[in-house]
Amino acid sequence: MIVFPNCKINLGLNILQRRADGFHDLETVFYPLPVTDALEVLSPGQLQFNSTGIPVPGNAADNLCLKAWHLLKADFPELPPVNIHLHKHIPIGAGLGGGSADAAFMLQLLNNKFRLELSTAQLIAYAAQLGSDCAFFIQNRTAYATGRGEILEPLELNLAAYSILLVHPGIHVNTGWAFGQITPRVPALSLRDSIQHPLEAWKDLIHNDFEAPVFQAHPILKQIKEKMYNAGALYATMSGSGSAMVGIFPKNNIAGILWDTGYRVFEII
Ligand SMILES: C[C@](O)(CO)[C@H](O)COP(=O)(O)OP(=O)(O)OC[C@H]1O[C@@H](n2ccc(N)nc2=O)[C@H](O)[C@@H]1O
Ligand SMILES: Nc1ncnc2c1ncn2[C@@H]1O[C@H](COP(=O)(O)OP(=O)(O)OP(=O)(O)O)[C@@H](O)[C@H]1O
């Protein structure tokens, strides 16, 4: 069985308060985009994991795909060992939630393949144990998120009338470090309200709290954002804790921007 975990972008990200458990309450809008990994699971087999494409940092044993299998195995002893192959295409440490998507798709794949009969709510609860971003990928539809990012309300927002540009300059931002740079604060205008304004107004209304510290550490990211606005973007932002930058342009109006050849650039037109 093969599935194609996709990435997400954050439209707005307000870090509201630090919690007793060390995490932060936040509000954000998750929007899914069709830049994908490929995840194949074969059985029967020995429990095995290998990956191709972009190298994943860390030990294979810590890969979120394996963690998803172990999480379900603890509650479903009959779950057989599987042979997992991940082809990594979504940039890593980019704020695109690629690892979280792999984990959530793995849970769903195992649920379907082995008929575990888990409900959506149960899958969301398992996903939230694997990462704050993971729960979103179970339903994988545009949502206003609160809590750690796992409390999701569906949001009617469709950007199909625009073209979206993703630029990843290859900088890996550690999410835990990024949260540590923030002084949390509740904004005067909730993202729940500001996201309802026309996209043309977002530039002045919708912010990502991670931009200030991450731009300070990596000034090139601010330049990418300015370059997007100079090229006609209606809205430009960093996604999550970075370093992927997002530009939303009038339909079919992305072409002609020149980027460093080392950057990875995705156009969703
Ligand atoms: C920045 C975002 O991508 C925005 O969508 C997410 O909040 C990050 O979600 P994620 O990568 O799934 O993060 P996790 O793997 O759960 O946590 C990584 C680290 O980020 C910090 N963290 C994460 C989420 C959160 N709401 N508060 C936090 O303080 C914690 O230090 C945690 O140890
Ligand atoms: N399948 C996986 N794909 C990518 N990273 C993984 C995976 N499994 C574990 N990881 C670990 O997670 C770290 C970052 O993952 P990910 O790509 O989801 O971060 P991100 O792009 O910053 O996303 P987020 O928005 O969730 O912070 C990597 O450094 C890696 O060590």
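Model, not experiment: these values are computed from the prediction.

**Observations regarding the UniProt feature "active site" (unreviewed entry) in the chain**
UniProt annotation of "active site" (unreviewed entry) refers to K8 and D133 when read in the numbering used here. Separation in sequence by 126 residues is not matched in space for these annotated residues, since their most distant C-alpha atoms are only 9.3 Å apart. Lining residues of the largest pocket, restricted to the annotated ones just named, are K8 and D133. Position of K8 among the secondary structure elements: in strand β2 (residues 6–18). The contact partners of K8, leaving out residues within four places of it in the chain, are F30, Y31, P32, G95, L96, G97, D133, F136, F137, S239 and G240. For K8, the side chain forms a polar contact with the side chain of N10, separated by 2.6 Å.

**Quick look at the pattern of salt bridges**
Taken as a whole and judged by the stated rule, the model has eight salt bridges. Between R19 and D21 there is a salt bridge; the shortest N-O distance is 2.7 Å. Taken together, the salt bridges that share partners define one network made up of R19, D21 and D25.

Analysis parameters
Residues numbered from 1 in each chain as written. Chains lettered and ligands numbered in written order. Predicted model: local features only at pLDDT ≥ 70, side-chain atom pairs only at ≥ 80, totals over all residues. Heavy atoms only, no water. UniProt positions renumbered as here; feature names shortened; annotations may be inferred. 1 Å grid on protein atoms, 1.4 Å probe; cavity = no way out; pocket = protein on both sides within 12 Å on 5 of 7 lines; lining within 4 Å. Helix = DSSP H or I, 4+ residues; strand = E, 2+ residues; numbered from the N terminus. Contact = heavy atoms within 4.5 Å. Polar contact = N/O pair within 3.5 Å; in protein donor to acceptor, adjacent residues only side chain to side chain. Salt bridge = Lys/Arg side-chain N within 4 Å of Asp/Glu carboxyl O.

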